[in-house]
Amino acid sequence: MTFENAETLSQNKEALSACKALLYQLADDDFLLAYRGSEWLGLAPHIEEDVAFSSISQDTMGHAVMFYQLLEELGEGEADRISHLRTPAEFRNAILLEMKNGEGSYVEKPDYDWAFAVVRNLFYDYAKMIRLQSLKSSSYEPLAHMARRIISEEYYHLMHWEMWFRQLMTSTPEARERMEQAIRRVWSDFGGVLTTGPEGKQIAAAGLMESEEVLTERWIQKVSAILNETGFQPEGEPGMKSGNGRTGEHTEDLTEALAILSEVYRKDPAAQW
Amino acid sequence: MVLELTRDLSYEEKYERFMERIEAGERIEADDWMPDDYREALIRLISMHAVSEIMGALPEKEWTPKAPTLHRKLAIMAKVQDEMGHGQLLLRVAEDLMKPLGKNREDIMQDLFSGRLKFHNVFHMKAPTWGDAGIIAWLVDGAAIITQSMSLNSSYGPYARALQRICAEEVFHAQHGESIILALAEGTEEQRSMLQKSLTEWWPALLMFFGPKSKENVGKSHVNKNIKYKIRTKTNEDLRQEFFNKYIPRIKSIGLEIPDKTIHFDEEKGEWVYEQPDWNEFKKIVTGHGPMSEQRLSLRRDSYQNTRWVRDALASRGKEA
Ligand SMILES: [Fe+2]
Ligand SMILES: [Fe+2]
């Protein structure tokens, strides 16, 4: 089963709705994490990292835009409206990705946690890469095509966060302590990234992406490798401590983030900006 | 090579040779002999330029997530990344110059935090609306292109080469700004008035950006020395006039009003005559008493403190290796 374009996909109602569900997850995940990344600008540990991290966030925002454009092609409305006018409950990103970088705001008294940034980004990029590899043979060809384009940028992101992870896990006791704390925190909510939501079965059945179980297994392998290498293992399975964003459950952090992201657009959504 | 030749020369002779090279339009490189005041002038200029790029990303950072559309979000993210890249590039040029003095990047950062190292007046200003994000990219970057272009042939090679890359990127920034401005100028009543308000507020700061006309306005100035050493080629006033030539017609053509009723081109003098901004205000701003000076500096200072453990961790690995 393959769907060459939006038109052929639209003839299969079940596949169409599964595809939309998947695209909202992919787009919203990237949109929120790119936003959190952009809040770090000027605040990273050194200027070289400011440059590198802002380049990564920009790529990630670019990926979100591509996914929103696919949704636009599927009749969900203009990409700008989809990204700026939905209510928090309509977002399908994992809660882990909407969480603040730390205390304070991005323009006033930020007390951001670099260990959390490193672990959240690395673990997410592993999951994203695994999804993208699977999407390369998606039944929806425009999505498969897009996955191939994104993968080439993802290699660099992964290398970047792996380097940070290894360095901070094997340096001072303080860094180690902060990293272990960050791993526990990310672990306790990473189930929310791995789940493909209530539509997961239909997504796999339509051949859009492999099943949640298969992808989770691959992710565990990938993460275990770097954890073993650096000698740390969080307890239990990745959890969903803060809730399941794939069902529209979210925190105040998302409400605040969306208010900022759409502040100007909402002044006049009909205007040209 | 040059070092070898000049080893046994007296200071005066070295200086004479150096000035001959400057006069001949030769490029001075990092390892070449140079008089102390040339080195000092470069360090002052380039470290100020570097921190201005870094601090300059902060007002736009305020608007990065708020940029109204996906397209604008991507464009402004690309721009602030470039600005950080400019800061990095220039920091490296400054660091090389400081090495013989036993100083490094940490000194630049500490000087910034203590207020000894100043950054451009425009980055002390508030940017309360999206119109400001447009004005910054269009006119502040436009003004920066004018000042930086004059040093593209700077006598100091590493600075000239850094500027070549920087100016090429600045052109895209100004285009991005112009595109925001045009959308607002052709937009709704509310968009137009937001834009006019931004221009009105930024106008004095834009005039100040080039610095005072002569030193009577603010006391000591390094312009003459920098010209003698061919680090720069034009005076502050030359640059401001260039800015007027380029932007006044454009500002008028999109129907905006310049908040200076007296401004006009004097055919006889061959220059723009305009109302002077308040240079006392300028002095206050650049010495760290502008509307946003403290907030932006503390943003930088606090985060530098918050991530100290990361730099310590990296340094500890450096020692092992
Ligand atoms: Fe710049
Ligand atoms: Fe710029």
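## Comments concerning the overall build of chain A
No. 1: Summing up its helical and strand segments, chain A has twelve helices and two strands in all.
No. 2: From first element to last, N terminus to C terminus, chain A shows the α and β order α-α-α-α-α-β-β-α-α-α-α-α-α-α.
No. 3: Against the compact-globule benchmark of 19 Å for 273 residues, chain A has a radius of gyration of 18 Å, which places it among compact chains.
No. 4: In terms of principal-axis extent, the alpha carbons of chain A reach across some 60 × 45 × 30 Å.
No. 5: In chain A, which comprises 273 residues, the share counted as buried stands at 61%.
No. 6: Restricting to contacts in chain A with at least 6 residues of sequence separation, those with at least 24 account for 78%.
No. 7: Total accessible area computed for chain A in this model is approximately 10,600 Å², and 49% of it derives from carbon and sulfur atoms.
No. 8: Here chain A carries 26 positive and 45 negative side-chain charges, and the mean point of each set is 1 Å from the other.

## Comments concerning the confidence of the model for chain B
No. 1: Averaged over all residues, the pLDDT of chain B is 93; the fraction at 70 or higher stands at 95%.
No. 2: Listed scores for the predicted complex are pTM 0.95 and ipTM 0.96.

## Quick look at the interface of chain A and chain B
No. 1: With 57 residues of chain A at the contact, the number on the chain B side is 46 residues.
No. 2: With both sides pooled, the region where chain A packs onto chain B buries about 4,500 Å², and carbon together with sulfur makes up 65% of that total.
No. 3: Together, Leu 41, Ile 47 and Trp 273 of chain A form the three largest contributors to the area buried by chain A at its contact with chain B, with a combined 17%.
No. 4: At the junction of chain A and chain B, the tally comes to four salt bridges.
No. 5: Among the salt bridges present, the one from Arg 105 of chain B reaches Glu 48 of chain A, with a minimum N-O distance of 2.9 Å.
No. 6: Summed over the shared surface of chain A and chain B, the number is 20 residue pairs in polar contact (both at pLDDT 80 or more).
No. 7: The dominant element in the side of chain A that touches chain B, judged by the number of residues it contributes, is helix H3 (residues 47-73) of chain A, at twelve residues.
No. 8: Among the residues forming the side of chain A that touches chain B, the class breakdown is 29 nonpolar, 15 polar and 13 charged.

## Considering the coordination of the iron ion (ligand 2)
Residue and element names in this part refer to chain B.
No. 1: With distances of 1.9 to 2.2 Å, the protein atoms coordinating the iron ion (ligand 2) are Glu 83 (OE), Asp 141 (OD), Glu 170 (OE) and His 173 (ND1).
No. 2: Here the iron ion (ligand 2) is ringed by four donor atoms whose angles at the metal span 83 to 167°, and the overall shape comes out irregular.
No. 3: When the donors of the iron ion (ligand 2) are listed by position in the chain, the intervening gaps give E-x57-D-x28-E-x2-H.
No. 4: Separating the iron ion (ligand 2) from the iron ion (ligand 1) is a distance of 3.4 Å, and Glu 83 supplies a donor atom to each of them. Placement of the pair is Glu 170 and His 173 together in helix H7 (residues 157-185), with a separation of three residues, close to one helical turn. The exposure classification of Glu 170 matches that of His 173, with both residues buried.

Conventions adopted
Residues numbered from 1 in each chain as written. Chains lettered and ligands numbered in written order. Predicted model: local features only at pLDDT ≥ 70, side-chain atom pairs only at ≥ 80, totals over all residues. Heavy atoms only, no water. Helix = DSSP H or I, 4+ residues; strand = E, 2+ residues; numbered from the N terminus. Rg over C-alpha atoms; globule rule 2.2 N^0.38 Å. Buried < 20%, exposed > 50% of the residue type's maximum accessible area, 1.4 Å probe, protein only. Contact = heavy atoms within 4.5 Å. Areas by Shrake-Rupley, 256 points an atom, 1.4 Å probe, with all protein chains shown as cover. Lys, Arg positive; Asp, Glu negative; His and termini not counted. Charge placed at Lys NZ, Arg CZ, Asp CG, Glu CD. pLDDT = per-residue confidence, 0-100. Buried area = accessible area lost by both parts, 1.4 Å probe. Salt bridge = Lys/Arg side-chain N within 4 Å of Asp/Glu carboxyl O. Polar contact = N/O pair within 3.5 Å; in protein donor to acceptor, adjacent residues only side chain to side chain. Nonpolar A, V, L, I, M, F, W, Y, C, P; charged D, E, K, R; others polar. Donors = N, O, S within 2.8 Å, 3.2 Å for Na, K, Ca; no water. Tetrahedral: all angles 85-135°; square planar, octahedral: opposite > 155°, others 65-115°.

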